[in-house]
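Architecture and fold: a report
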Amino acid sequence: MTQAWQIENFLDVRDDHLHIDGVDAVELAREHGTPLFVYSESRIRHNIDRLQKSASVIDCPLKICYAAKAMSTLGILKAVKDSGIDIEVNSGGELWKALKVGFTGEQIIFNGTSKEVWEIENAIDAGIYAIQVDSLFEFSLIEETAKRLSKKANVSLRLVPEIETGTHSGLQTALLTSKFGMMPDEAFEAFRKYKDSPHVDLRGIHLHIGSQNPEPHAYADAFQMLFETLERIYKETGIKLGHVNLGGGFPVNYLRDRMHSAEFPREQLEMFSADFEPATAIGEAWKLVKNIAADGGSTEVLDGLTLLLEPGRSIISDAGVCLTTVRNHKERPVSNAAVPAAVAEASRRRDAGATDNWLLTDAGFNILLSMETYKWYYHLISADRAGEAYASSYKLAGPLCDGGDVYFDHEGHNRLPDHRLLPANVEAGEILALLNCGAYSLAQASQYNGRFLPPVVLIKQDGSAGLIRRRETFEDLIGSDV
Ligand SMILES: Cc1ncc(COP(=O)(O)O)c(C=O)c1O
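Residues numbered from 1 in each chain as written. Predicted model: local features only at pLDDT ≥ 70, side-chain atom pairs only at ≥ 80, totals over all residues.

**Describing the overall build of the chain**
For the record, the criterion: Where helices and strands are cited, they refer to DSSP runs of H or I of at least four residues and of E of at least two residues respectively, numbered from the N terminus. C-alpha atoms define the radius of gyration, and 2.2 Å times the number of residues to the power 0.38 defines the globule rule. Residues with at least 20 neighbouring C-beta atoms inside 10 Å of their own are called buried, those with 12 or fewer are called exposed, and the rest are partly exposed, where every C-beta is derived from the backbone. The contact criterion used is a C-beta to C-beta distance within 7 Å, with each C-beta placed from the backbone.
Scanning the chain from N- to C-terminus turns up 14 helices and 20 strands. Taking 23 Å as the expected radius of gyration for a compact globule of 482 residues, we find that the chain reaches 24 Å, a close match to that expectation. For the chain, the C-alpha atoms occupy an extent of roughly 75 × 50 × 40 Å along the three principal directions. With 482 residues in all, the chain has 46% of them scored as buried. A separation of at least 24 residues holds for 74% of the contacts in the chain among residues at least 6 apart in sequence.

Now the structure itself:
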(Lines give C-alpha, C1' and ligand atoms only; values in the text may rest on other atoms or scores of the structure.)
Protein backbone atom coordinates (compact mmCIF):
# COMPACT_ATOMS: atom_id res chain seq x y z
CA MET A 1 0.00 0.00 0.00
CA THR A 2 1.35 3.46 -0.89
CA GLN A 3 1.00 5.86 2.01
CA ALA A 4 -0.03 9.46 1.44
CA TRP A 5 3.08 10.77 3.20
CA GLN A 6 5.46 8.95 0.86
CA ILE A 7 7.69 11.07 -1.39
CA GLU A 8 9.28 9.33 -4.32
CA ASN A 9 13.05 8.82 -3.96
CA PHE A 10 12.96 10.29 -0.45
CA LEU A 11 10.45 8.73 1.96
CA ASP A 12 9.62 5.16 0.96
CA VAL A 13 8.40 1.92 2.48
CA ARG A 14 10.54 -1.19 1.92
CA ASP A 15 10.04 -4.46 3.80
CA ASP A 16 7.51 -2.53 5.87
CA HIS A 17 10.23 -0.20 7.19
CA LEU A 18 10.45 3.53 6.61
CA HIS A 19 13.39 4.26 4.30
CA ILE A 20 14.88 7.73 3.99
CA ASP A 21 16.87 8.20 0.78
CA GLY A 22 17.01 4.41 0.56
CA VAL A 23 18.43 4.03 4.09
CA ASP A 24 16.47 1.90 6.58
CA ALA A 25 15.29 4.25 9.35
CA VAL A 26 14.86 1.39 11.82
CA GLU A 27 18.49 0.35 11.35
CA LEU A 28 19.58 3.95 11.91
CA ALA A 29 17.54 4.04 15.12
CA ARG A 30 19.13 0.77 16.28
CA GLU A 31 22.63 1.97 15.46
CA HIS A 32 22.40 5.44 16.99
CA GLY A 33 19.53 5.14 19.48
CA THR A 34 16.56 7.47 19.73
CA PRO A 35 15.49 10.19 19.74
CA LEU A 36 17.44 10.70 16.53
CA PHE A 37 17.18 13.35 13.84
CA VAL A 38 17.84 12.14 10.30
CA TYR A 39 18.37 14.68 7.51
CA SER A 40 18.55 14.17 3.76
CA GLU A 41 21.06 16.21 1.78
CA SER A 42 19.24 15.32 -1.45
CA ARG A 43 16.01 16.74 -0.08
CA ILE A 44 17.82 19.91 1.04
CA ARG A 45 19.13 20.27 -2.53
CA HIS A 46 15.68 19.57 -3.96
CA ASN A 47 14.20 22.33 -1.79
CA ILE A 48 16.95 24.77 -2.71
CA ASP A 49 16.49 23.99 -6.42
CA ARG A 50 12.79 24.69 -6.01
CA LEU A 51 13.52 28.12 -4.52
CA GLN A 52 16.12 28.85 -7.17
CA LYS A 53 13.44 28.51 -9.86
CA SER A 54 12.45 32.03 -8.76
CA ALA A 55 15.54 33.27 -10.61
CA SER A 56 13.89 32.43 -13.93
CA VAL A 57 10.76 34.52 -13.26
CA ILE A 58 12.49 37.80 -12.42
CA ASP A 59 14.75 40.06 -14.49
CA CYS A 60 17.37 40.64 -11.82
CA PRO A 61 19.90 38.55 -9.88
CA LEU A 62 18.54 36.42 -7.03
CA LYS A 63 20.49 35.88 -3.79
CA ILE A 64 19.12 33.15 -1.51
CA CYS A 65 20.33 33.29 2.10
CA TYR A 66 19.43 30.21 4.19
CA ALA A 67 17.93 31.28 7.54
CA ALA A 68 20.38 29.52 9.87
CA LYS A 69 18.05 29.84 12.84
CA ALA A 70 15.94 27.01 11.41
CA MET A 71 18.78 24.51 11.92
CA SER A 72 22.45 25.33 12.30
CA THR A 73 24.33 22.12 13.07
CA LEU A 74 27.61 22.53 11.16
CA GLY A 75 26.98 19.51 8.91
CA ILE A 76 23.71 21.08 7.75
CA LEU A 77 25.33 24.49 7.21
CA LYS A 78 28.03 22.75 5.15
CA ALA A 79 25.41 20.96 3.03
CA VAL A 80 23.71 24.31 2.45
CA LYS A 81 27.01 25.99 1.59
CA ASP A 82 27.92 23.19 -0.83
CA SER A 83 24.67 23.84 -2.68
CA GLY A 84 26.03 27.30 -3.54
CA ILE A 85 23.55 29.53 -1.71
CA ASP A 86 24.29 32.12 0.98
CA ILE A 87 23.27 32.50 4.62
CA GLU A 88 21.26 34.67 7.01
CA VAL A 89 22.35 34.74 10.67
CA ASN A 90 20.71 36.13 13.78
CA SER A 91 23.44 36.43 16.35
CA GLY A 92 27.17 36.64 16.81
CA GLY A 93 27.06 32.90 17.49
CA GLU A 94 25.41 32.06 14.18
CA LEU A 95 27.80 34.48 12.43
CA TRP A 96 30.72 32.62 13.99
CA LYS A 97 29.32 29.27 12.84
CA ALA A 98 28.74 30.57 9.29
CA LEU A 99 32.33 31.82 9.05
CA LYS A 100 33.63 28.57 10.57
CA VAL A 101 31.89 26.55 7.88
CA GLY A 102 33.47 28.73 5.21
CA PHE A 103 30.82 31.22 4.12
CA THR A 104 32.54 34.43 3.01
CA GLY A 105 31.51 37.85 4.33
CA GLU A 106 29.74 38.70 1.08
CA GLN A 107 27.57 35.59 1.53
CA ILE A 108 26.28 36.62 4.97
CA ILE A 109 23.43 38.85 6.10
CA PHE A 110 22.74 39.53 9.78
CA ASN A 111 19.30 40.09 11.34
CA GLY A 112 18.35 40.61 14.95
CA THR A 113 16.51 42.99 17.24
CA SER A 114 19.05 43.30 20.03
CA LYS A 115 22.50 43.23 18.50
CA GLU A 116 25.37 43.80 20.91
CA VAL A 117 28.43 45.86 20.08
CA TRP A 118 30.71 42.81 19.88
CA GLU A 119 28.33 41.23 17.37
CA ILE A 120 28.29 44.40 15.26
CA GLU A 121 32.10 44.55 15.44
CA ASN A 122 32.41 40.96 14.25
CA ALA A 123 29.97 41.58 11.39
CA ILE A 124 31.87 44.68 10.28
CA ASP A 125 35.23 42.90 10.59
CA ALA A 126 33.94 40.05 8.44
CA GLY A 127 32.76 42.55 5.82
CA ILE A 128 29.34 40.96 5.60
CA TYR A 129 26.93 41.78 2.77
CA ALA A 130 24.41 43.50 5.03
CA ILE A 131 23.74 44.15 8.69
CA GLN A 132 19.95 44.48 8.72
CA VAL A 133 19.23 47.46 10.93
CA ASP A 134 16.31 47.11 13.31
CA SER A 135 15.94 50.69 14.66
CA LEU A 136 17.31 54.23 14.47
CA PHE A 137 19.10 53.62 17.75
CA GLU A 138 20.77 50.51 16.34
CA PHE A 139 21.79 52.46 13.24
CA SER A 140 23.70 54.95 15.39
CA LEU A 141 25.39 52.07 17.22
CA ILE A 142 26.49 50.53 13.92
CA GLU A 143 27.81 53.84 12.58
CA GLU A 144 29.73 54.56 15.81
CA THR A 145 31.20 51.07 15.81
CA ALA A 146 32.32 51.29 12.18
CA LYS A 147 33.87 54.70 12.88
CA ARG A 148 35.76 53.34 15.89
CA LEU A 149 37.06 50.45 13.77
CA SER A 150 37.89 52.84 10.88
CA LYS A 151 35.80 50.64 8.65
CA LYS A 152 32.60 50.80 6.65
CA ALA A 153 29.49 48.80 7.61
CA ASN A 154 27.21 47.51 4.88
CA VAL A 155 23.64 48.02 6.01
CA SER A 156 20.10 47.32 4.95
CA LEU A 157 17.07 48.64 6.84
CA ARG A 158 14.42 46.28 8.15
CA LEU A 159 10.93 47.67 7.62
CA VAL A 160 7.73 46.73 9.36
CA PRO A 161 5.25 46.65 6.47
CA GLU A 162 2.04 45.98 8.41
CA ILE A 163 1.10 42.92 6.37
CA GLU A 164 -0.88 40.25 8.19
CA THR A 165 -0.90 36.67 6.94
CA GLY A 166 -2.87 33.60 7.98
CA THR A 167 0.00 32.07 9.90
CA HIS A 168 0.13 31.39 13.63
CA SER A 169 0.07 34.60 15.71
CA GLY A 170 3.48 33.77 17.18
CA LEU A 171 4.97 33.64 13.68
CA GLN A 172 3.67 37.06 12.52
CA THR A 173 6.61 39.44 12.20
CA ALA A 174 5.36 42.26 9.99
CA LEU A 175 2.81 44.03 12.14
CA LEU A 176 3.29 47.21 14.14
CA THR A 177 2.38 45.11 17.16
CA SER A 178 5.38 42.87 16.46
CA LYS A 179 8.79 43.75 17.83
CA PHE A 180 10.64 43.90 14.52
CA GLY A 181 11.98 46.61 12.27
CA MET A 182 11.39 50.31 11.55
CA MET A 183 8.38 52.21 10.34
CA PRO A 184 8.88 53.69 6.84
CA ASP A 185 9.22 57.27 8.13
CA GLU A 186 12.02 56.19 10.47
CA ALA A 187 13.75 54.54 7.54
CA PHE A 188 13.57 57.77 5.49
CA GLU A 189 14.99 59.70 8.42
CA ALA A 190 17.84 57.18 8.61
CA PHE A 191 18.57 57.49 4.90
CA ARG A 192 18.65 61.28 5.11
CA LYS A 193 20.82 61.23 8.23
CA TYR A 194 23.41 58.67 7.13
CA LYS A 195 23.56 59.07 3.37
CA ASP A 196 26.86 60.95 3.47
CA SER A 197 28.44 58.97 6.31
CA PRO A 198 31.82 57.50 5.31
CA HIS A 199 31.20 54.66 7.75
CA VAL A 200 28.06 53.09 6.32
CA ASP A 201 27.18 51.79 2.90
CA LEU A 202 23.39 51.97 2.53
CA ARG A 203 22.75 48.87 0.48
CA GLY A 204 19.11 47.89 0.67
CA ILE A 205 15.84 47.45 2.47
CA HIS A 206 14.41 44.34 4.04
CA LEU A 207 11.25 42.86 5.46
CA HIS A 208 10.02 39.46 6.59
CA ILE A 209 6.30 38.85 6.68
CA GLY A 210 6.37 35.83 9.00
CA SER A 211 6.85 32.10 8.82
CA GLN A 212 4.58 29.46 7.21
CA ASN A 213 2.59 32.10 5.30
CA PRO A 214 -0.31 30.42 3.51
CA GLU A 215 -1.03 33.21 0.99
CA PRO A 216 1.26 33.67 -2.03
CA HIS A 217 -0.13 37.17 -2.71
CA ALA A 218 1.37 38.43 0.58
CA TYR A 219 4.73 38.46 -1.24
CA ALA A 220 3.32 40.72 -3.96
CA ASP A 221 1.96 43.12 -1.29
CA ALA A 222 5.34 43.07 0.43
CA PHE A 223 7.31 43.65 -2.77
CA GLN A 224 5.01 46.53 -3.73
CA MET A 225 5.66 48.14 -0.36
CA LEU A 226 9.41 47.68 -0.77
CA PHE A 227 9.30 49.14 -4.29
CA GLU A 228 7.34 52.21 -3.17
CA THR A 229 9.93 52.72 -0.43
CA LEU A 230 12.81 52.36 -2.92
CA GLU A 231 11.12 54.88 -5.19
CA ARG A 232 10.58 57.41 -2.41
CA ILE A 233 14.16 57.04 -1.17
CA TYR A 234 15.43 57.62 -4.71
CA LYS A 235 13.26 60.67 -5.24
CA GLU A 236 13.94 62.26 -1.85
CA THR A 237 17.61 61.44 -1.35
CA GLY A 238 18.97 60.43 -4.75
CA ILE A 239 20.11 57.07 -3.27
CA LYS A 240 19.56 54.10 -5.59
CA LEU A 241 19.65 50.99 -3.46
CA GLY A 242 21.25 47.77 -4.63
CA HIS A 243 18.94 45.21 -3.10
CA VAL A 244 15.55 44.43 -1.67
CA ASN A 245 15.08 41.51 0.68
CA LEU A 246 11.68 39.80 0.79
CA GLY A 247 12.57 37.60 3.76
CA GLY A 248 11.53 33.97 4.14
CA GLY A 249 8.33 32.33 5.28
CA PHE A 250 7.44 30.02 2.37
CA PRO A 251 5.17 27.30 3.73
CA VAL A 252 5.69 23.57 4.08
CA ASN A 253 2.74 21.20 3.73
CA TYR A 254 2.65 19.47 7.12
CA LEU A 255 -0.65 17.76 6.21
CA ARG A 256 0.27 15.98 2.99
CA ASP A 257 -1.23 12.95 4.65
CA ARG A 258 -4.69 14.29 5.43
CA MET A 259 -5.82 11.48 7.74
CA HIS A 260 -6.37 13.98 10.59
CA SER A 261 -7.50 16.95 8.48
CA ALA A 262 -11.12 16.82 9.60
CA GLU A 263 -10.02 17.45 13.18
CA PHE A 264 -8.42 20.85 12.52
CA PRO A 265 -10.30 24.16 12.60
CA ARG A 266 -10.34 25.73 9.10
CA GLU A 267 -7.60 28.34 9.69
CA GLN A 268 -5.26 25.77 11.19
CA LEU A 269 -5.95 23.44 8.31
CA GLU A 270 -5.19 26.14 5.74
CA MET A 271 -1.96 27.05 7.48
CA PHE A 272 -0.64 23.52 8.00
CA SER A 273 -1.56 22.36 4.49
CA ALA A 274 -0.37 25.52 2.69
CA ASP A 275 1.43 24.58 -0.47
CA PHE A 276 2.56 26.90 -3.24
CA GLU A 277 5.65 27.22 -5.36
CA PRO A 278 7.87 30.05 -4.10
CA ALA A 279 8.61 30.84 -7.76
CA THR A 280 4.89 31.44 -8.38
CA ALA A 281 4.67 33.94 -5.53
CA ILE A 282 7.91 35.67 -6.54
CA GLY A 283 6.91 35.73 -10.22
CA GLU A 284 3.59 37.40 -9.38
CA ALA A 285 5.31 39.89 -7.10
CA TRP A 286 7.86 40.79 -9.76
CA LYS A 287 5.22 41.20 -12.46
CA LEU A 288 3.13 43.48 -10.24
CA VAL A 289 6.07 45.70 -9.34
CA LYS A 290 7.33 45.86 -12.92
CA ASN A 291 3.91 47.05 -14.08
CA ILE A 292 3.70 49.65 -11.31
CA ALA A 293 7.19 50.86 -12.21
CA ALA A 294 6.31 51.06 -15.92
CA ASP A 295 3.03 52.91 -15.25
CA GLY A 296 4.77 55.38 -12.95
CA GLY A 297 7.77 55.89 -15.26
CA SER A 298 10.22 54.74 -12.60
CA THR A 299 11.68 51.53 -14.02
CA GLU A 300 15.18 52.90 -13.37
CA VAL A 301 14.63 52.16 -9.66
CA LEU A 302 14.68 48.48 -10.61
CA ASP A 303 17.88 48.75 -12.67
CA GLY A 304 20.81 47.04 -11.02
CA LEU A 305 18.65 45.64 -8.23
CA THR A 306 19.32 42.24 -6.59
CA LEU A 307 16.44 40.36 -4.96
CA LEU A 308 17.25 38.59 -1.70
CA LEU A 309 15.26 35.81 -0.05
CA GLU A 310 16.01 34.30 3.35
CA PRO A 311 14.07 31.02 3.62
CA GLY A 312 14.63 28.54 6.42
CA ARG A 313 11.63 26.26 6.90
CA SER A 314 11.09 25.63 3.18
CA ILE A 315 14.69 24.40 2.86
CA ILE A 316 15.10 22.25 5.93
CA SER A 317 11.73 21.28 7.43
CA ASP A 318 10.72 18.29 5.30
CA ALA A 319 14.38 17.23 4.93
CA GLY A 320 14.42 16.21 8.62
CA VAL A 321 12.72 13.26 10.34
CA CYS A 322 12.69 12.62 14.08
CA LEU A 323 12.87 8.94 15.04
CA THR A 324 11.53 8.09 18.47
CA THR A 325 10.90 4.89 20.43
CA VAL A 326 7.77 4.01 22.38
CA ARG A 327 9.13 3.63 25.93
CA ASN A 328 5.93 2.99 27.84
CA HIS A 329 2.25 2.37 27.26
CA LYS A 330 -0.87 2.33 29.37
CA GLU A 331 -4.61 2.26 29.10
CA ARG A 332 -7.02 4.78 30.56
CA PRO A 333 -10.78 5.03 30.34
CA VAL A 334 -11.86 7.74 27.88
CA SER A 335 -13.06 10.73 29.82
CA ASN A 336 -15.25 13.26 28.09
CA ALA A 337 -16.07 15.01 31.34
CA ALA A 338 -13.49 17.76 31.39
CA VAL A 339 -12.94 18.31 27.70
CA PRO A 340 -14.62 21.00 25.58
CA ALA A 341 -17.42 20.04 23.19
CA ALA A 342 -15.32 19.94 20.01
CA VAL A 343 -12.77 17.60 21.52
CA ALA A 344 -15.43 15.47 23.11
CA GLU A 345 -17.06 15.04 19.72
CA ALA A 346 -13.80 13.74 18.27
CA SER A 347 -13.58 11.34 21.20
CA ARG A 348 -17.15 10.17 20.72
CA ARG A 349 -16.32 9.12 17.20
CA ARG A 350 -14.30 6.38 18.81
CA ASP A 351 -15.91 3.30 20.32
CA ALA A 352 -18.25 4.09 23.18
CA GLY A 353 -16.83 2.97 26.48
CA ALA A 354 -13.42 2.58 24.94
CA THR A 355 -10.15 3.01 26.70
CA ASP A 356 -7.46 5.35 25.52
CA ASN A 357 -4.25 3.63 24.53
CA TRP A 358 -1.45 5.87 25.66
CA LEU A 359 2.01 5.68 24.07
CA LEU A 360 4.87 7.44 25.85
CA THR A 361 7.79 8.19 23.54
CA ASP A 362 11.30 9.54 24.04
CA ALA A 363 10.68 12.66 21.89
CA GLY A 364 9.31 15.52 23.95
CA PHE A 365 8.97 19.26 23.58
CA ASN A 366 12.55 19.66 24.75
CA ILE A 367 13.45 18.73 21.14
CA LEU A 368 10.19 19.78 19.39
CA LEU A 369 9.34 22.98 21.22
CA SER A 370 6.81 24.22 18.64
CA MET A 371 4.57 21.29 19.52
CA GLU A 372 4.01 22.97 22.88
CA THR A 373 4.39 26.70 22.15
CA TYR A 374 2.54 26.83 18.80
CA LYS A 375 0.66 23.50 18.97
CA TRP A 376 2.59 22.51 15.84
CA TYR A 377 1.54 19.42 13.93
CA TYR A 378 4.13 16.82 12.94
CA HIS A 379 2.69 13.83 11.14
CA LEU A 380 3.42 10.59 13.03
CA ILE A 381 4.02 7.21 11.41
CA SER A 382 5.47 3.89 12.45
CA ALA A 383 9.00 3.44 11.09
CA ASP A 384 8.83 -0.26 12.05
CA ARG A 385 5.49 -0.92 10.32
CA ALA A 386 5.37 1.95 7.87
CA GLY A 387 3.33 0.12 5.25
CA GLU A 388 0.50 -1.12 7.46
CA ALA A 389 -3.01 0.30 7.79
CA TYR A 390 -3.23 3.30 10.12
CA ALA A 391 -6.55 2.61 11.78
CA SER A 392 -5.93 2.36 15.53
CA SER A 393 -6.02 5.47 17.64
CA TYR A 394 -3.63 6.36 20.45
CA LYS A 395 -2.96 9.24 22.79
CA LEU A 396 0.67 10.25 22.41
CA ALA A 397 2.95 11.97 24.87
CA GLY A 398 6.65 12.63 25.30
CA PRO A 399 8.94 11.72 28.19
CA LEU A 400 9.09 15.00 30.11
CA CYS A 401 7.84 15.45 33.64
CA ASP A 402 5.57 18.24 32.39
CA GLY A 403 1.84 18.02 31.67
CA GLY A 404 2.30 20.05 28.47
CA ASP A 405 4.55 17.40 26.94
CA VAL A 406 1.82 15.78 24.85
CA TYR A 407 1.14 15.45 21.12
CA PHE A 408 -2.38 16.86 21.42
CA ASP A 409 -3.73 20.20 22.54
CA HIS A 410 -3.93 19.84 26.28
CA GLU A 411 -5.30 23.37 26.61
CA GLY A 412 -8.47 22.22 24.87
CA HIS A 413 -8.40 24.60 21.87
CA ASN A 414 -8.60 21.57 19.57
CA ARG A 415 -5.73 22.85 17.47
CA LEU A 416 -4.15 19.40 17.31
CA PRO A 417 -5.86 16.03 16.89
CA ASP A 418 -6.68 14.47 20.21
CA HIS A 419 -5.54 11.05 19.04
CA ARG A 420 -3.09 9.80 16.41
CA LEU A 421 -3.70 6.91 14.05
CA LEU A 422 -1.07 4.17 13.88
CA PRO A 423 -1.02 0.44 13.10
CA ALA A 424 -2.76 -1.85 15.59
CA ASN A 425 -1.12 -3.04 18.81
CA VAL A 426 1.79 -0.62 19.05
CA GLU A 427 3.90 -1.62 22.02
CA ALA A 428 6.99 -0.44 23.85
CA GLY A 429 10.06 -0.72 21.66
CA GLU A 430 8.37 0.21 18.37
CA ILE A 431 10.18 2.91 16.40
CA LEU A 432 7.97 5.78 15.30
CA ALA A 433 8.84 8.70 13.04
CA LEU A 434 7.69 12.33 13.19
CA LEU A 435 7.89 13.86 9.72
CA ASN A 436 8.81 17.42 8.64
CA CYS A 437 10.77 17.98 11.84
CA GLY A 438 13.87 19.56 10.29
CA ALA A 439 13.16 23.22 11.09
CA TYR A 440 13.06 24.94 14.48
CA SER A 441 13.46 21.66 16.36
CA LEU A 442 17.03 20.85 17.41
CA ALA A 443 17.71 24.57 16.92
CA GLN A 444 15.38 25.29 19.84
CA ALA A 445 16.17 22.20 21.91
CA SER A 446 17.05 22.20 25.59
CA GLN A 447 18.30 19.75 28.19
CA TYR A 448 15.07 20.20 30.20
CA ASN A 449 14.62 17.29 32.62
CA GLY A 450 18.31 16.45 32.26
CA ARG A 451 17.77 14.97 28.82
CA PHE A 452 20.68 14.62 26.42
CA LEU A 453 20.36 16.56 23.17
CA PRO A 454 19.92 13.96 20.44
CA PRO A 455 22.34 12.98 17.71
CA VAL A 456 21.86 13.93 14.06
CA VAL A 457 22.53 11.74 11.03
CA LEU A 458 22.92 13.26 7.58
CA ILE A 459 22.34 11.05 4.56
CA LYS A 460 24.61 12.47 1.92
CA GLN A 461 23.78 12.74 -1.75
CA ASP A 462 25.85 9.61 -2.46
CA GLY A 463 23.57 7.63 -0.09
CA SER A 464 26.06 7.30 2.77
CA ALA A 465 24.71 8.04 6.23
CA GLY A 466 26.92 9.53 8.94
CA LEU A 467 26.68 11.31 12.28
CA ILE A 468 26.98 15.09 12.07
CA ARG A 469 26.23 15.54 15.76
CA ARG A 470 26.79 13.00 18.53
CA ARG A 471 24.38 12.24 21.34
CA GLU A 472 25.20 14.25 24.45
CA THR A 473 26.64 12.56 27.52
CA PHE A 474 26.42 13.08 31.29
CA GLU A 475 29.39 15.44 30.98
CA ASP A 476 27.49 17.64 28.51
CA LEU A 477 24.76 18.05 31.12
CA ILE A 478 27.18 19.78 33.47
CA GLY A 479 29.78 21.05 31.00
CA SER A 480 28.95 24.73 31.57
CA ASP A 481 28.27 24.49 35.29
CA VAL A 482 30.86 26.24 37.46
C1 LIG B 1 14.04 37.81 9.63
C2 LIG B 1 13.74 36.41 9.28
N3 LIG B 1 14.14 35.93 8.10
C4 LIG B 1 13.90 34.67 7.73
C5 LIG B 1 13.23 33.80 8.55
C6 LIG B 1 12.98 32.41 8.08
O7 LIG B 1 11.63 32.14 7.97
P8 LIG B 1 11.17 30.71 7.42
O9 LIG B 1 11.91 29.69 8.17
O10 LIG B 1 9.72 30.68 7.65
O11 LIG B 1 11.51 30.69 5.96
C12 LIG B 1 12.78 34.25 9.80
C13 LIG B 1 12.01 33.36 10.68
O14 LIG B 1 10.96 33.66 11.13
C15 LIG B 1 13.05 35.59 10.17
O16 LIG B 1 12.64 36.07 11.35
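**Things to note about the sheet that holds strand β2 (residues 17-20)**
Which entries qualify depends on this criterion: Paired strands are those between which DSSP finds at least two bridges.
Here three strands make up an open sheet; going across it, the order is β1-β2-β3 and the pairing antiparallel. Every other strand in the sheet has two partners, leaving β1 (11-14) and β3 (23-24) as the edge strands with one partner each. Bridge analysis of β2 against β3 gives two bridges, and the strand direction is antiparallel. Note on β3: the bridge partner recorded for H19 is D24.

**Let's talk about the confidence of the model for the chain**
Let me state the cut-off plainly: Note: pLDDT gives the predictor's confidence per residue, expressed from 0 to 100.
The pLDDT averaged across the chain works out to 94; a share of 96% of its residues lies at or above 70. Mean pLDDT across the secondary structure elements of the chain bottoms out at helix α12 (residues 341-348), with 48, and peaks at strand β4 (residues 36-40), with 99.

**Examining the site of the ligand**
For clarity, the threshold we go by: We call a residue near a molecule or strand if the C-beta atom, set from the backbone, is within 6 Å of it. Just so you know the grouping, Ala, Val, Leu, Ile, Met, Phe, Trp, Tyr, Cys and Pro go in nonpolar, Asp, Glu, Lys and Arg go in charged, and all remaining residues, Gly too, go in polar.
Lining the immediate environment of the ligand, one finds 17 residues, of which A67, S211, G248, G312 and R313 sit closest. Taken together, the residues of the shell around the ligand sort by class into five nonpolar, nine polar and three charged.

**Overview of the sheet that holds strand β10 (residues 200-206)**
Rules: In this description, a line fitted to the C-alpha atoms serves as the axis of each element, helices being fitted only across the stretch in contact, and the angle between N-to-C directions of two axes falls anywhere from 0 to 180 degrees.
Here we have eight strands rolled up into a closed barrel, ordered β5-β6-β7-β8-β9-β10-β11-β12, and parallel in their pairing. This sheet shows a mean twist of 30° between the axes of neighbouring strands, independent of strand direction. Judged from the two bridges that link them, strand β7 (residues 108-110) and strand β8 (residues 130-133) form a sheet pairing that is parallel. What sits directly across from I109, in β8, is A130.

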